[in-house]
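Per-entry structural report
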Amino acid sequence: MSFDAVQLIVEKRERGELSTEAINWLVENYTNGVVADYQMSAMTMAILLNGMSRREIKDLTMAMIASGERLDYSGLGMPTADKHSTGGVGDKITLPLAPLVAVFGVAVPQLSGRGLGHTGGTLDKLEAVPGWRAALSNDEMFSQLQRVGAVICAAGSGLAPADKKLYALRDVTGTVEAIPLIASSIMSKKIAEGTSALVLDVKVGSGAFMKTLDRATELAQVMVKLGQDAGLKVSALLTDMSTPLGRKIGNSLEVEESVEVLAGGGPSDVIDLTVMLAEEMLRLAGVEGDVRAALNDGRAMDKWNEMIRAQGGDPTAAMPVAKHSHVVVAESDGVLEQLDALSVGVASWRLGAGRATKDDLVQLGAGIELHAVQGETVRAGQPLMTLFSDDEDRFTRAIESLSGGIKISNVAPTDRVLLLGRVTE
Ligand code: URA
């Protein structure tokens, strides 16, 4: 069946519902270049403004899956479980989580991405480990899952190519934050990836795509339903992203903090979220286990070392360190009432930890180490954080981004609640 791109754009502009055939045609012809970028950008803006029905979102997701290959781990002889975070500041949870879950005989096929904008990317972080390789063939991935039980690697170009093209377009046309587009983008990749269980970590707050609990809940419900309709066991945790996770933000720095957690230490919010997500993945996979014990007795660390070595990395080698540092101090006595996730994320990005365009190189040593976190008492002149960058001239812009995000007062904020909700169907 053939359609006219302009007619479909007008239909969505006028709040119409696109038929299954129209969506299939649109995705197929956008992927092969018949529908132009400028037409698809008008369409994504119409979707952002006017939304899509659940049926349209499902059709869009299935069409994006059908644009590429679909992996299958049924021959593995092990249950599979994966986690996907909608992205946040200091969110390094995948790093300790994948080996931790693998300890219990549940295989974790984690296809990850790179950072864009203020949220970091798992692959950029792991590339701070000398020798580590992100690109694996499907056969290498399967064989590592069989031998080690966990793999974190780049999604190959064959997986949901329609999403790759569409995501790049949305990124430069102000159309990222649309629930139908986010849900279909994430779930097409996760369903095509072939995991049988999936836990979604949907972030809520200033540092996340979804700023309110209502919007995050809606996104979680749409994604859970898409996964269940495709036969996956799926649930979503809604977690706080109003202030950074942990005390280290940036590529080498986040690997360092993940290793602290794998060694049985590290900041309590990073440990708690890792444990919560691991327990949820095991529950969905139908496996029992004492997750905290595996962090404390070295089993998760052994698995991490195995996983890193399997991809050419040396887990004992020194990681890149930034050439310059700058200490930001507290301007007054009081309580750190607010340390805003978005301000810290943007500062870290400006220091060089993130990229502005897809082709930029990240600085592996750049980022921020927090010496005080939200809710802690501070004294005037006390170091609040250290900024790291290879270019000294980046400090000024990073400090500008921090200025509105640090509030010291005599009002203690309410205790941080990490888990804000759960969606299971
Ligand atoms: N992550 C994705 O993979 N896609 C989106 O649209 C947003 C976050």
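In case you missed it, the structure is sitting above this.
Described below are features of the structure shown in this document. Here the structure is a predicted model, which means the values were calculated and not measured.

The biggest cluster of nonpolar side chains holds 71 residues, and the ones touching the most others in it are Trp304, Met385 and Leu387. It is helix 12 (residues 268-285) that contributes the most residues to this core, 11 residues altogether. Counting contributing residues, this core receives three or more from each of domain 2 (74-156 + 194-310) and domain 3 (324-409). The contacts of Met385, once residues within four sequence positions are left out, are His326, Val327, Val328, Leu339, Ile368, Glu369, Leu370, His371, Leu402 and Ile406. Counting 60 residues, the second largest nonpolar core, distinct from the first, contains Val27, Ile47, Ala107 and Val204.

So, about helix 2 (residues 20-31). The end-to-end C-alpha distance of helix 2, which contains 12 residues, comes to 17 Å, matching closely the 16 Å that a straight helix rising 1.5 Å per residue would cover. Within the sequence span of helix 2, burial applies to Ala22, Ile23, Trp25, Leu26, Val27, Asn29 and Tyr30. For helix 2, the elements touching its buried residues are helix 1 (5-13), helix 3 (37-50), helix 4 (54-66) and helix 8 (161-171). Following helix 2 by one or two positions, Gly33 adopts a phi angle in the positive range, close to 90 degrees.

Let's shift gears to the site of the ligand. Every residue lining the ligand is accounted for by Tyr167, Arg170, Ile182, Ser185, Ile186, Lys189 and Phe209. Within the side chain of Arg170, a nitrogen or oxygen atom sits 2.9 Å from an oxygen atom of the ligand. Taking Ser185, its side chain carries an N or O atom lying 2.6 Å from a nitrogen atom of the ligand. Notes on the ligand: free accessible area 230 Å², of which the protein chains cover 90%.

Ordered by their spatial adjacency, 4 strands build an open sheet running 6-9-11-7, and the pairing between neighbours is antiparallel. With partners counted over all chains shown, the strands left at the sheet margins are strand 6 (248-250) and strand 7 (324-329), one partner each. For this sheet, the mean inter-axis angle between neighbouring strands, taken without regard to orientation, is 15 degrees. Sheet topology note: the strand 9 (residues 367-370)/strand 11 (residues 383-389) ladder contains 4 bridges and is antiparallel. Each bridged residue has a counterpart across the sheet, and for Gly367 the counterpart in strand 11 is Phe388. The sheet contacts of helix 11 (residues 251-262) involve strand 6, strand 9 and strand 11, and relative to strand 6 the element is tilted by about 140 degrees. Packed on one face of the sheet, helix 15 (residues 341-353) meets strand 6, strand 9 and strand 11 and runs near 135 degrees to strand 9.

What follows concerns helix 1. Among the residues of helix 1, Ala5, Leu8, Ile9 and Lys12 are the ones counted as buried. Buried residues in helix 1, looked at end-on, bunch into an arc of 100 degrees, giving them a common side. Next to the buried residues of helix 1 lie helix 2, helix 3 and helix 4. Where helix 1 ends, the next residue or the one after it, Arg15, has phi of about 65 degrees, a positive value.

Here we have 3 strands laid out as an open sheet, ordered 10-8-12, and antiparallel in their pairing. Strands with a single pairing partner mark the edges of an open sheet, and in this sheet they are strand 10 (377-378) and strand 12 (406-409). Alignment of strand 8 (residues 334-339) against strand 10, held across 2 bridges, turns out to be antiparallel. In the sheet register, Val335 faces strand 10, and the bridge partner there is Thr377.

Before going further, it helps to examine a nonpolar patch on the surface. On the surface, Leu213, Val417 and Leu420 cluster together into a nonpolar patch covering about 230 Å² of accessible area. The topology assignment puts Leu213 in helix 10 (residues 213-229).

Counting across every chain of the model gives 30 salt bridges. A salt bridge links Lys58 to Asp229, with the shortest nitrogen-to-oxygen separation between them at 3.8 Å. Remark: Asp229 occurs in helix 10 and Lys58 occurs in helix 4; sequence separation between them is 171 residues. Taking the relative accessible area as the measure of exposure, Asp229 reaches 38% and is therefore partly exposed. A salt bridge links Glu260 to Lys248; the nearest nitrogen and oxygen atoms lie 2.8 Å apart. Note that Glu260 is positioned in helix 11 and Lys248 in strand 6, a separation of 12 residues in sequence. Judged by relative accessible area, which is 31%, Glu260 ranks as partly exposed.

This part is about the side chain of Ser343. Looking at where Ser343 falls in the secondary structure, it is placed in helix 15. Engagement of the side chain of Ser343 in a polar contact is seen with the side chain of Asp340, the distance being 2.9 Å. Excluding its chain neighbours within four sequence positions, the residues that come into contact with Ser343 are Ser401, Leu402 and Gly405.

Another point: the environment of Ile93. In this structure, Ile93 sits in the loop between strand 1 (81-85) and helix 5 (94-102). A relative accessible area of 0% places Ile93 in the buried class. Between the C-alpha atoms of Ile93 and Leu339, which are 246 residues apart in sequence, the distance is 20 Å. Contact partners of Ile93, with chain neighbours within four places excluded, come to Lys83, Leu245, Val270, Leu273, Thr274 and Leu277.

Each value, and the rule that gives it
Residues numbered from 1 in each chain as written. Predicted model: local features only at pLDDT ≥ 70, side-chain atom pairs only at ≥ 80, totals over all residues. Heavy atoms only, no water. Core = buried A, V, L, I, M, F, W, Y, C linked by side-chain atoms within 4.5 Å. Buried < 20%, exposed > 50% of the residue type's maximum accessible area, 1.4 Å probe, protein only. Helix = DSSP H or I, 4+ residues; strand = E, 2+ residues; numbered from the N terminus. Domains from an automatic or database assignment. Contact = heavy atoms within 4.5 Å. Expected span 1.5 Å × (residues − 1). Near = heavy atom within 4 Å. Polar contact = N/O pair within 3.5 Å; in protein donor to acceptor, adjacent residues only side chain to side chain. Areas by Shrake-Rupley, 256 points an atom, 1.4 Å probe, with all protein chains shown as cover. Pairing = 2+ DSSP bridges. Axes fitted to C-alpha atoms, helices over the stretch in contact; angles between N-to-C directions. Arc of directions from axis to C-beta. Patch = residues over 30% accessible without salt bridge, like charges linked within 9 Å, V, L, I, M, F, W, Y side chains within 5 Å. Salt bridge = Lys/Arg side-chain N within 4 Å of Asp/Glu carboxyl O.

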